[in-house]
Structures are given as C-alpha cells and as structure tokens.
Amino acid sequence: MAVTYSLDAYREQLRHYAQTMAVGDNRAASAGLLAGHSPSRVAMFTDGNLYKRYEKLQSACEVLADGLDELNDYIKEYIKIVPLSAYDTNTTDGERFLIWLDEKKDLTDEQRDYVRCQRGRHAIEFVALKQRLAHIRFQELLSMNDRLLPELETNPRLAIHLNPIHVWSRFETGALLDDADGGGATVMFFPVGEDIRTAVIEGDCESLIHLLEQQGVMRLKDLRKLYPHDSQSELPGLIRDLAEMGMVALG
Amino acid sequence: MMPAIGYAIREQNRPILTDPAINAAEITFERADEPLRVDRYIRDDEFDLVSVHALKLSVASPDAPNQHYLEALRAIAQENNAESISDHMGFTRDGEGGVEMGHFAPPPYTEAALEATCRNIDHIQTYFGDVRFYLENIAYLFQFDGTMSESEFLQRVLRKSGCGWLLDVTNVYANSLNFGYNAYDFISEVMPASDAVQIHLAGGYWDDKAEMYIDSHSHPIPDEVYKLYRHALVEAGGKINATFIERDQEFPDEDGWRSEVRQVRKITEGVCRPAVALR
C-alpha cells in the first residue's frame, strides 16, 4: 500500500488494516509493511490478539463451561467471524457472543438456561456501571446488617432498602437448580460486594421484593400496612432471610 | 529531582505496596474499571504520585477517543487522586464505531498519522486539564511503510503536542534488539523533546523460535535495561518524575517484589542523589 498523505486516506488505510487484522486476516497489513519487515510478525500479532480474546471470552462465559461441551469451538468460530468492536470490554464482547450463540446454534433448553444465567450476570455488571453510586451506598449499608438486624422489630427508625442492582430472569429447566427434578423457576441476580449471587425467588419472597421495587425504601411499620394480613407474622423473618442473602439492607 | 518509584499495581504485589522503597503507583485503567468495585483501586494506600495507564485511547486512530471512555478514565483518575494518565503511541482500532484489534500496533509514520495523533492528544489534554498526559513508546513486531523513523515521529509528536513522554526502557531495548538500532541513541534523541518524563521498566525473554526479544513482563528486569535506565536518568537531567515497574506473568515471591524495587531505587538514587563530596 502506498504511503498516505491526507487524513482521509489515512483513515481508509487504518480502516483497512484494523478491520482485517481484527479477524486474523493479515494480507492488507502485510502488503503495507516497511521494507525488511516480515509478514510472519503480522501473523504473530494477530494470532496473539485472537488468542487473548479467546481467553477473555472463556472467562466472560465461564458459567457455560459446565453446560456446553462445544463452548471453546464456538468461541473460536465466533472470533474469526465477528470482530471485537471499538471499546468492547470482556463483558460486552461476551454478551455479544451469547446473543450470537443463541441465534446461530441449536441449543438445548438446558443449555439456554446456562446462557440465561451468564447473561443475567452480565446484566448485573451493566446495571452497576450505570448506578455505581447506588451500588456503593447499598454495599455500605449491607456491611451494617449484622449490627442492625437484631433491632429490626424494636428500632422504628430503621428502613429497609432493596439492593438496587438486581436483575430478574427465569430458568426453564432444572439444570442450574438444586432441585434437578423440578421445572423452571424465577431467579434474581444481585451483587454482594464484588460477587454476583443468584437466588430462586418465589411466593411471599417474590411479593415482598416487588413491593419494595414499587415503593422504594420503607420502614417495617409501613411495610406491614401494605403486606397481606395473613402473612404479617412471617414478614420480619422474611426480611432477615433476604438481608442475610444480601438482597436487602437496613439503615 | 528524585523520581517517585513504584509498581504497576497487580493483585500479586498489593501486600508489598507499603514497602518504604515505594512511593508511587500506576493503575492500569482496564483492571480498575470494574463495575462492581466498592473500594477505590489504591484502597487506603498512600503514594506521592499515582498515574492511570490506559490501553484503548488509541491516539494514532483517525478519530478522537470517545466520550464515555474519557469519562470513565477521568472517574478512576479522580477517585485515586492521580496526577497523570498515559497510553501508547499506536492504534488499537480504526475510526469511531469501528473495530478493535485487541492490542496496539505502530501507525505508519507519516505526516497524516502525525496530524491525527497530535490532534487526538490535544483532545485528551484539553479534556483532562491539569492531569497530564504521557505518551508511551511501544514494543512492536513490525512497522508499516512511512516517511520518517519512529524516533523522528515520536519527537515531533512530543514537541507539537507538549505531552509528557512515558519512556518504556524495555520497549526501546526490545526494539533495538529486534530491529537493530542503538537504544542509547534513541533515548538521547527523544529525551529533549519533552519537559516531563515517566519511566516503565520490565523484563521479557529471548524467543529462539521467533528470533526476537519478547516484552512479556514475565521476568526480572535485565541488566541491559538497568544500564539503559541509568543512561535515561542522566540524559533526563531531573525531569523524570516517576518510575514504574511492570510485571504481568510469572510473579515473584514477596522478597522478589521487594528486591527489584529496591534495586531500582538504588540505581535512581545513585544518579539523582549523588553523594555529597566531603571537604
């Protein structure tokens, strides 16, 4: 390729190099090398980059490893077809891979649950990025749960906060559930510190979380007014369970 | 001026970051920008100088870095009281909305690349204001056809943009071995082009199969790199404000971490704080 002098020509030159090298095609870059520089080094560059991307995708989709024997082959196929987008992170590239996987491969229902699980974990990261301050504030509150939980029913000033970083999903099979014989279940993903947890949410627990989603931060006495009368006695215990899981905090 | 000295922070060296030989830290932005992080990246540690090292500004691309990336970089810099940011003299992507190659390649050293690079650095420096930008020379596997040498390109970028130079001594060493130029001359040529310099030191290995030195950040700093570092300290005449050691693989034990930074401090003090002659 001839040496370029204008910005437009330079833009076109880099577009040509980057778009091809991003998927391991070294021909354009090799044609533009300085005399004495070897195309084998361009191959070293692109092979190294693709391998790093492969490793990062494995890491970004680690949940799938137990449910998808062909995962590594699919990743290898994907990175040769779909280039990394500018500013992609491990998570955004992983998410794009999962969408591709769901569309292009004939997955079983169980495998689709693994994909849902991984996507739920990615979604937590996306929500936390947008609500970083809320995540930090809630985690600070969470660190006080051990001290404040004993005061739940005696301290009228205590408010109940739902973890603002949470994502709902549904598993359609028992592949990822403790009760493997059961059908599907509604699940929630949420962070505790830098870990992402998953919990099956059903019955009174689901109702309570939806109530907190709708009403925001609430004191126990106000929550009692909105909670069904026949389950009133179970409410403090339910809150304690959710607090111990890291889904609600007191403050 | 005696440079501040420290490590690029990795989880493996966190236990020794309070060593008295360490008074600087470099944060790799892509490691620090974790969405679920709760603490600031440097935690409660205190340093005289903190710098944030980015990987995706892609200063040689035809378009300026995007606003979201700059905002995230600034957030990490502010959160950790960083006084400088840095990235590499290369391109990792094409234009806005394009693709990412995964690692930086050197641009073709042409007038057009020079213009794009300086314009992008201006954009970055305007955005960051008092947080100074440092441009790192890279280790490369190949060069594209161009109209000037790497040394000339780098000097002209530094002079025209006014940014700092992040002199990666090991990258100069690797390129000099792999492409047959004089590393001492390269440092001497470029050093006058910027009034503020930071240093990277690392160790790689000679790959017999590829017949080249690989800058893998996986080995102790080689003696030749220490010699070049001493040369850089002398040539800089006091304008180096920080020296960072990088290690990304085959991590040493605690004694290894401590002895390497102490060795760097000893060499630095030997040049920057000469013994006072007795009357």
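What comes next is a walk through the structure. Predicted model only: the values in this text are computed from it and were never measured. Counting restarts for each chain: residues are numbered from 1 in the order of the written sequence. Think of it this way: whatever chain is written first is A, whatever ligand is written first is 1, and the rest follow in order. Whole-chain, interface and lining totals are the exception, using all residues; otherwise, since this is a predicted model, local features are given only for residues with pLDDT of at least 70 and side-chain atom pairs are given and counted only at 80 or more. Side-chain numbers here rest on the full set of heavy atoms in the structure, without hydrogens or water.

Quick look at the packing of aromatic side chains
To pair, rings of Phe, Tyr and Trp, with the six-membered ring standing in for Trp, must have centres within 6.5 Å; the planes then decide the type, stacked if under 30 degrees apart, edge-to-face if over 60, and tilted in the middle. Under the counting rule described, the total for this entry stands at 18 aromatic pairs over all chains. Relative to Phe97(A), the ring of Tyr78(A) has its centre 5.1 Å away and its plane inclined at 65°; by these criteria the two rings are edge-to-face. Placement of Tyr78(A) in helix H4 (residues 71-81) and of Phe97(A) in helix H5 (residues 90-104) is noted, with a sequence separation of 19 residues between them. When the centroid spacing of 5.2 Å and the interplanar angle of 80° are considered together, the rings of Phe29(B) and Tyr69(B) count as edge-to-face. Here Phe29(B), found in helix H1 (residues 29-32), pairs with Tyr69(B), found in helix H2 (residues 67-79); they are 40 residues apart in sequence, far enough to count as distant. Phe29(B) sits in the buried class, given a relative accessible area of 2%. The buried label applies to any residue whose accessible area, calculated with a 1.4 Å probe on protein chains only, is under 20% of its type's maximum; exposed applies above 50%, and partly exposed to all values in between. Judged by its relative accessible area of 8%, Tyr69(B) is buried. Only runs of H or I of at least four residues qualify as helices and only runs of E of at least two qualify as strands under DSSP, and these elements are numbered from the N terminus.

Observations regarding a negative patch on the surface
Candidates for patches are residues over 30% relative accessible area with no salt bridge; among them, like charges are joined within 9 Å and nonpolar side chains (Val, Leu, Ile, Met, Phe, Trp, Tyr) within 5 Å. Accessible areas in this description were obtained via Shrake-Rupley with a 1.4 Å probe; residue shielding takes into account the shown protein chains only. Counted as salt bridges are all cases of a side-chain nitrogen of Lys or Arg within 4 Å of a carboxyl oxygen of Asp or Glu. Under the convention used here, Asp and Glu are negative, Lys and Arg are positive, and both His and the chain ends fall outside the count. To locate a charge, take NZ of a lysine, CZ of an arginine, CG of an aspartate or CD of a glutamate. Among the surface-exposed residues, Glu194(A), Asp195(A), Glu34(B), Asp39(B), Asp44(B) and Glu46(B) lie close enough to one another that they form a single negatively charged patch. Checked against the element boundaries, Asp195(A) lands in strand S5 (residues 195-200).

What about the pattern of salt bridges?
According to the stated counting rule, one finds 29 salt bridges over all chains in the structure shown. A salt bridge links Arg27(A) to Asp25(A); its shortest N-O distance comes to 2.8 Å. Between Arg132(A) and Glu79(B) there is a salt bridge; the shortest N-O distance is 3.3 Å. Note that Arg132(A) is positioned in helix H7 (residues 132-142) and Glu79(B) in helix H2, a pairing that runs across two chains. With relative accessibility at 16%, the residue Arg132(A) sits in the buried group. Through salt bridges with shared partners, one network takes in Arg132(A), Asp33(B), Arg37(B) and Glu79(B).

Comments concerning the sheet that holds strand S7 (residues 132-136) of chain B
Residues and elements named next belong to chain B. Two strands are said to pair when DSSP picks up at least two bridges between them. The strand order S1-S2-S3-S4-S7-S8-S9-S12 describes a closed barrel built from eight strands, whose pairing is parallel. With strand direction ignored, the average angle separating the axes of adjacent strands in the sheet is 25°. Against the sheet, H2 makes contact with strand S2 (24-28), strand S3 (49-53) and strand S4 (84-88), and its axis sits at roughly 160° relative to S3, the strand it touches most. Between N-to-C directions, angles span 0 to 180 degrees; the directions come from axes that are lines fitted to C-alpha atoms, helices contributing only their stretch in contact. Here, residues are in contact when the closest pair of their heavy atoms is within 4.5 Å.

Overview of the side chain of Arg132(A)
Engagement of the side chain of Arg132(A) in a polar contact is seen with the backbone oxygen of Arg37(B), the distance being 2.7 Å. Within the structure, the side chain of Arg132(A) is placed 3.3 Å from the side chain of Glu79(B), a separation counted as a polar contact. Contacts of Arg132(A), omitting those with residues within four sequence positions, involve Pro35(B), Arg37(B) and Glu79(B). Polar contact is defined as a pair of N or O atoms within 3.5 Å, subject to the rule that within protein one atom must be able to donate a hydrogen and the other to accept it, and that residues adjacent in sequence are counted only when both atoms are side-chain atoms.

Remarks on the pairing of S7(B)
Residues and elements named next belong to chain B. Judged by how many residues are buried, S7 sits mostly within the fold: four of five residues are covered. In this sheet, S7 lies alongside S4 in parallel orientation, the contact comprising five bridges. Considered in S7, the bridge of His88 is made with Glu136. Pairing of S7 with strand S8 (residues 164-168), which is carried by three bridges, proceeds in the parallel orientation. Paired with Tyr134 across the two strands is Gly164, which belongs to S8. With its strands directed away from the observer, a crossover is right-handed exactly when the path from the first strand over the helix to the second travels clockwise. In this view, the connection linking S7 to its parallel neighbour S8 by way of helix H4 (residues 150-161) has right-handed handedness.

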